[in-house]
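# Topology and contacts: notes
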Amino acid sequence: MSGATKLKKLAGLSAIAFATLTAANAVNAANWRYAHEEYEGDVQDVYAYKFKEYIEDNSDHTVQVYRFGELGESDDIMSQTLSGILQFVNQSPGFTGSLIPEAQIFFIPYLMPTDMDTVIEFFRESEAINEMFPKLYAEHGLELLQMYPEGEMVVTSNEPITSPQDFKNKKIRVMTNPLLSETYAAFGATPTPLPWGEVYGALQTNMIQGQENPIFWIESGGLYEVSPHLTFTSHGWFTTAMMANQDFYNGLSDEDKKLVQNASDYAFEQIIDHIDGLAEEALGKIKEACDKCTVTRLNEEQIAAFKERAPQVKEKYIEMTGEDGKELLNQFEEDLNEVTSD
Ligand code: 6CS
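Because the structure is predicted, anything quoted here is derived from the model rather than measured. (Residues numbered from 1 in each chain as written. Predicted model: local features only at pLDDT ≥ 70, side-chain atom pairs only at ≥ 80, totals over all residues. Heavy atoms only, no water.)

### What to know about the overall build of the chain
If you tally the helices and strands in the chain, you get 15 helices and 10 strands. With the C-alpha coordinates of the chain rotated into their principal frame, the extents come out at 95 × 45 × 40 Å. Residues classed as buried in the chain amount to 51% of the 342 residues present. For the chain, the accessible area works out to roughly 15,400 Å², and carbon and sulfur atoms hold 49% of it. Side-chain charges in the chain split into 24 positive and 56 negative, and the spacing between the mean points of these groups amounts to 5 Å. (Helix = DSSP H or I, 4+ residues; strand = E, 2+ residues; numbered from the N terminus. Buried < 20%, exposed > 50% of the residue type's maximum accessible area, 1.4 Å probe, protein only. Areas by Shrake-Rupley, 256 points an atom, 1.4 Å probe, with all protein chains shown as cover. Lys, Arg positive; Asp, Glu negative; His and termini not counted. Charge placed at Lys NZ, Arg CZ, Asp CG, Glu CD.)

### Observations concerning the packing of helix H5 (residues 116–125) against helix H15 (residues 310–340)
Where H5 meets H15, the closest approach of the two axes is 9 Å, and the angle between their N-to-C directions is 130 degrees. Put simply, H5 runs oblique to H15. In terms of crossing hand, the pair formed by H5 and H15 is right-handed. Residues Thr118, Glu121 and Phe122 of H5 pack against Phe332, Asp335, Leu336, Val339 and Thr340 of H15. Residue classes in the contact of H5 with H15 are distributed as four nonpolar, two polar and two charged. (Axes fitted to C-alpha atoms, helices over the stretch in contact; angles between N-to-C directions. Parallel < 35°, antiparallel > 145°, perpendicular 65-115°, else oblique. Left-handed = near helix turned anticlockwise from the far one by under 90°. Contact = heavy atoms within 4.5 Å. Nonpolar A, V, L, I, M, F, W, Y, C, P; charged D, E, K, R; others polar.)

### Some remarks on a negative patch on the surface
On the surface, Asp115, Asp117, Asp273, Asp276 and Glu280 cluster together into a patch of negative charge. You can see Asp273 is positioned in helix H12 (residues 254–275). (Patch = residues over 30% accessible without salt bridge, like charges linked within 9 Å, V, L, I, M, F, W, Y side chains within 5 Å. Salt bridge = Lys/Arg side-chain N within 4 Å of Asp/Glu carboxyl O.)

### Let's talk about the nonpolar core
Core analysis: the biggest nonpolar cluster contains 106 residues, and Phe51, Phe88, Ile105, Phe133, Tyr137 and Phe332 have the highest contact counts within it. Once residues lying within four places of it in the same chain are set aside, the contact partners of Phe51 are Tyr34, Val63, Phe88, Met242, Val260, Ala263, Ser264 and Ala267. (Core = buried A, V, L, I, M, F, W, Y, C linked by side-chain atoms within 4.5 Å.)

### Structural notes on the pairing of strand S8 (residues 229–232)
Burial of S8 is two-sided: the residues His229 and Thr231 facing one way and the residues Leu230 and Phe232 facing the other way are all buried. Note that S8 and strand S10 (residues 294–297) share four bridges and pair parallel. Bridged to His229 within S10 is Thr294. (Pairing = 2+ DSSP bridges.)

### Concerning the site of the ligand
The environment of the ligand is formed by Glu37, Glu38, Phe95, Arg173, Met175, Trp196, Asn213, Pro214, Trp217 and Phe238. Within the side chain of Glu38, one N or O atom sits 2.6 Å away from a nitrogen atom of the ligand. Take Trp217: an N or O atom from its side chain is 3.4 Å from a nitrogen atom of the ligand. For the shell around the ligand, a count of residues per class yields six nonpolar, one polar and three charged. (Near = heavy atom within 4 Å. Polar contact = N/O pair within 3.5 Å; in protein donor to acceptor, adjacent residues only side chain to side chain.)

### Some thoughts on the side chain of Thr192
In this structure, Thr192 sits in strand S6 (residues 190–193). Setting aside residues up to four positions removed in sequence, Thr192 forms contacts with Lys171, Ile172, Arg173, Val174 and Ile208.

### A look at the packing of aromatic side chains
Applying the stated criterion across every chain, the model contains 23 aromatic pairs. Both rings, one in Tyr54 and one in Tyr266, keep their centres 5.4 Å apart while their planes meet at 40 degrees; by these two values the pair is tilted. Of this pair, Tyr54 sits in helix H2 (residues 43–58) while Tyr266 sits in helix H12, and the two are 212 residues apart along the sequence. Residue classification places Tyr266 among the partly exposed residues on the basis of a relative accessible area of 24%. Geometrically, the ring pair formed by Phe122 and Phe123 is edge-to-face, given 5.7 Å between the ring centres and 80 degrees between the ring planes. Both residues of the pair, Phe122 and Phe123, count as buried. Site record: aromatic cluster; members linked through ring pairs are Phe106, Phe122, Phe123, Phe133, Tyr137 and Phe332. Residue placement shows Arg297 over the ring face of Phe232; its charged tip is 4.0 Å from the ring centre. (Phe/Tyr/Trp six-rings, centres within 6.5 Å; stacked < 30°, edge-to-face > 60°. Lys NZ or Arg CZ within 6 Å of the ring centre and 35° of its normal.)

### Some details on the pattern of salt bridges
All chains considered together, the criterion is met by eight salt bridges. The partner of Lys50 in a salt bridge is Glu53, with the nearest N and O atoms 3.5 Å apart. Of this pair, Lys50 and Glu53 both sit in helix H2, three residues apart, which is roughly one turn of the helix. What makes Lys50 partly exposed here is its relative accessible area of 23%. Given the relative accessible area of 30%, Glu53 is considered partly exposed.

### Side note on the environment of Thr162
Within the secondary structure layout, Thr162 lies in the loop between strand S4 (142–157) and strand S5 (171–174). Separated by 136 residues in the primary sequence, Thr162 and Leu298 place their C-alpha atoms 6.5 Å from one another. Setting aside its immediate chain neighbours within four residues, Thr162 contacts Thr296, Leu298, Gln302 and Phe306.

### Some thoughts on the environment of Val174
Summarising the element assignment, Val174 is placed in strand S5. Judged by its relative accessible area of 1%, Val174 is buried. Remark: the alpha-carbon pair of Val174 and Phe95, spanning 79 residues in sequence, is separated by 9.9 Å. If near-sequence neighbours (up to four positions away) are discounted, Val174 is found in contact with Leu180, Ser181, Tyr184, Pro191, Thr192, Pro193 and Leu194.

Below, the structure written as structure tokens:
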């Protein structure tokens, strides 16, 4: 065989090998479905798209992201994940708390620090977050991939709030977990659990007189238009969680499991950058857009009046979650002490 013929034959063989490999990759390449609870450009959307970017840049898989409303409410996307229709879901403990009672820990008021750097360090280092929570989620068929903070909780209402007395006779919307209702009852309000899709309309029609959420969401969802008095109560952070259907996750190759873990970590780092300064920016936009809006930052004395009602909520949490919840709370508090005593 001449040199030229050999070369042609080799080229032919490698073309076949390449085509075979590509076909094999195409067979192995999956399209994963991922739903979250927010709109374009919001924190959960940024996380989802960073996750997608990592997966698609580092494998042949693709990720299809569904935003709020495309597949229903928060509870709907969780059901779809549990039944395997979706592979990934981002749902905040505000809703997961009705499925996994221990996840309600984030609604014990004044448990979390207010300073963002401390909160982030807590999420990075906490044994409760990174070791205990994955086990609790696994008991419910979910592979917990990441918990992350979105922003400090701020109350919006039809009148400024400076004391628990100001909450009297006000129906305050809460996400649908029982402990958050306990918190607002302890604060002196009438808690009103509602799914997200009903909140704007209920404020607009005065069915409810207030709600709580991070500033970026109050701005992006236009909540300040119908609930113009903002109060910084320093009582907590909006936390969220990204997870996978566990049967799906367990069925992945080791390589794909690593890919998913790396993509979750990558998106987490991106989100930490993203939320830095986000609340201040959103507050600036609200002040510019809204003449009737007021901003109240409670002073230490005013905070104390709310804080003294926190122990009764902690008691309720223990009552609702038993020994497992107590153990989680102890670890959570120990982890918090570690990051706040630095
Ligand atoms: O209040 C809520 O229901 C919504 N708040 C935020 C910040 N994200 C999604 C959630 O559904």
